[in-house]
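Listed below, chain by chain, are the residues.
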Amino acid sequence: MRYAVFSDVHANLEALQAVLDFFSGAHVNAYIFLGDIVGYGADPQACLSVLKTLRPLAVAGNHDWASVGRLDTDFFNAAARAAVAWTASRLTQDEHAFLADLELVKEGPDFYLVHGTLEAPERFDYMLDARRARRSFEMLDRRVCFVGHSHQPGVFIAHEGAIVYREAGEVDIEPEKRYIVNDGSVGQPRDGDPRACCCIYDDREGRLTFHRIPYDIKSAATKIRQAGLPPSRADRLFEGR
Ligand code: ZN
């Protein structure tokens with residue numbers, strides 16, 4: 001199978017469409033979505049309706065659950081909280097139900113999906129260092145765990161007790177190793193590259209590839225400002241920070 005892997009769209013329709021255009025030319029068979037379809041951007045409803053048509057294997061992000069009241073926003077910063085309230089006020093009953101029904105962990109033939117960490121998915125912690133990765137590796141009885149949330153694309157690789165970190169690029173998936181893959185962010189990249197980020201996982205070839213896709217940032221940013229959403233979330237799109 002060739003899986004299209006993406007997450008952290010954050011209601012950025014321009015970025016989502018660019019990524020899906022790329023996937024449609026890349027002969028993928030199935031979609032993996034790692035959470036946060038909404039939050040920050042101006043197109044939550046359009047992004048949700050596109051996501052549903054893909055019938056992805058999907059998990060909940062913190063913004064998805066916060067927008068339907070399944071997660072407290074006490075730990076959100078002011079901009080995130082404002083975006084959650086704005087999003088919540090726009091969702092139809094069906095959209096609300098779709099987000100509320102997303103689960104924290106899903107499994108595939110040789111992988112798990114989770115937005116934060118495998119060890120405590122309900123806490124939505126960031127998988128940022130080897131110490132955190134080690135705890136998830138201890139629970140990982142599959143070859144790969146896909147995560148989102150930090151918007152930092154990269155791969156933790158566990159082999160013979162050691163953990164190494166590889167930045168995005170092309171990674172061979174070898175049978176004797178285990179992998180925690182962060183697929184970066186489609187709609188709010190924060191690693192200094194403003195292009196949308198996504199991955200393709202080919203389990204037959206044993207290869208994972210990261211891709212950066214340019215999109216119409218200006219249009220997405222203008223909509224955020226016009227909607228009255230926190231303008232900081234529009235400005236940072238241009239820098240990918
Ligand atoms: Zn996110």
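Residues numbered from 1 in each chain as written. Predicted model: local features only at pLDDT ≥ 70, side-chain atom pairs only at ≥ 80, totals over all residues. Heavy atoms only, no water.

Undergrad: Where do I start with the nonpolar core in this structure?
TA: Most often, soluble globular proteins keep nonpolar side chains buried together rather than apart. Grouped together as the largest cluster of nonpolar side chains are 53 residues, with contacts concentrated most on Phe6, Phe23 and Ile37. Beyond its immediate stretch of four places on either side in the chain, Phe23 contacts Ala4, Val5, Phe6, Val28, Tyr31, Cys198, Cys199 and Ile200. Counting residues in each nonpolar core, the second largest holds 21 residues, with Val59, Leu113, Val144 and Ile157 among its members. (Core = buried A, V, L, I, M, F, W, Y, C linked by side-chain atoms within 4.5 Å. Buried < 20%, exposed > 50% of the residue type's maximum accessible area, 1.4 Å probe, protein only. Contact = heavy atoms within 4.5 Å.)

Undergrad: Even after reading the chapter, I still don't get the coordination of the zinc ion, so can you show me in this structure?
TA: Geometry reference: four tetrahedral donors at a metal, ideal angle 109.5 degrees. Six octahedral donors, ideal angles 90 or 180 degrees. Coordination of the zinc ion by the protein comes from Asp8 (OD), His10 (NE2), Asp36 (OD) and His151 (NE2), over a distance range of 2.0 to 2.5 Å. Considered as a linear motif, the donors of the zinc ion on their single chain read D-x1-H-x25-D-x114-H. With His10 in the loop between strand E1 (2-6) and helix H1 (13-24) and Asp36 in the loop between strand E2 (30-33) and helix H2 (44-54), this pair connects stretches of sequence that are 26 residues apart. Side by side, His10 and Asp36 carry an identical accessibility label, which is buried. (Donors = N, O, S within 2.8 Å, 3.2 Å for Na, K, Ca; no water. Helix = DSSP H or I, 4+ residues; strand = E, 2+ residues; numbered from the N terminus.)

Undergrad: What is the right way to read the sheet that holds strand E6 (residues 144-147) from this model?
TA: Backbone hydrogen bonds are what pair the strands of a sheet, in a parallel or an antiparallel way. The strand order E4-E5-E6-E10-E7-E8 describes an open sheet built from six strands, whose pairing is mixed. Since the sheet does not close on itself, it has two edges, and those belong to strand E4 (105-107) and strand E8 (162-167), each with one partner. Each adjacent strand pair in this sheet contributes to an overall mean axis angle of 20°, direction not counted. Across four bridges, E6 lies against strand E10 (residues 178-182) in parallel orientation. Residue pairing across strands places Val144 opposite Tyr179, the latter belonging to E10. (Pairing = 2+ DSSP bridges. Axes fitted to C-alpha atoms, helices over the stretch in contact; angles between N-to-C directions.)

Undergrad: Is there a simple way to think about the sheet that holds strand E3 (residues 57-58) in this case?
TA: In spatial order, the strands read E3-E2-E1-E11-E12-E9; together these six strands make up an open sheet with mixed pairing. Two strands in the sheet have a free side with no partner beyond their single neighbour: E3 and strand E9 (170-172). In this structure, E2 lies alongside E3, joined through two bridges in parallel fashion. Paired with Phe33 across the strands is Ala58, a residue of E3. Sheet contacts for H1: E1, E2, strand E11 (196-202) and strand E12 (207-213); angle to E11, the most-contacted strand, approximately 30°.

Undergrad: How should I be thinking about H2 in this particular structure?
TA: Each α-helix turn comprises 3.6 residues. Residues three or four places apart therefore point the same way. When we look at burial in H2, the residues that qualify are Pro44, Cys47, Leu48, Val50, Leu51 and Leu54. For H2, the angular spread of buried residues about the axis comes to 165°, placing them on one side. In the segment just after H2, Arg55 is the residue with positive phi, at about 45°. (Arc of directions from axis to C-beta.)

Undergrad: Honestly, the pairing of strand E5 (residues 111-114) in this entry has me stumped. Any pointers?
TA: Across the two faces of E5 the burial is the same, with Phe111 and Leu113 and Tyr112 and Val114 all buried. Two strands pair when backbone bridges link them, and E4 and E5 are joined in this way by three bridges, in the antiparallel orientation. Along E5, the bridge assignment pairs Glu107 with Tyr112. Counted between consecutive antiparallel strands, the loop separating E4 from E5 contains three residues. Crossover E5 to E6 through helix H6 (residues 130-139) is right-handed. (Right-handed = clockwise from strand over helix to strand, strands pointing away.)

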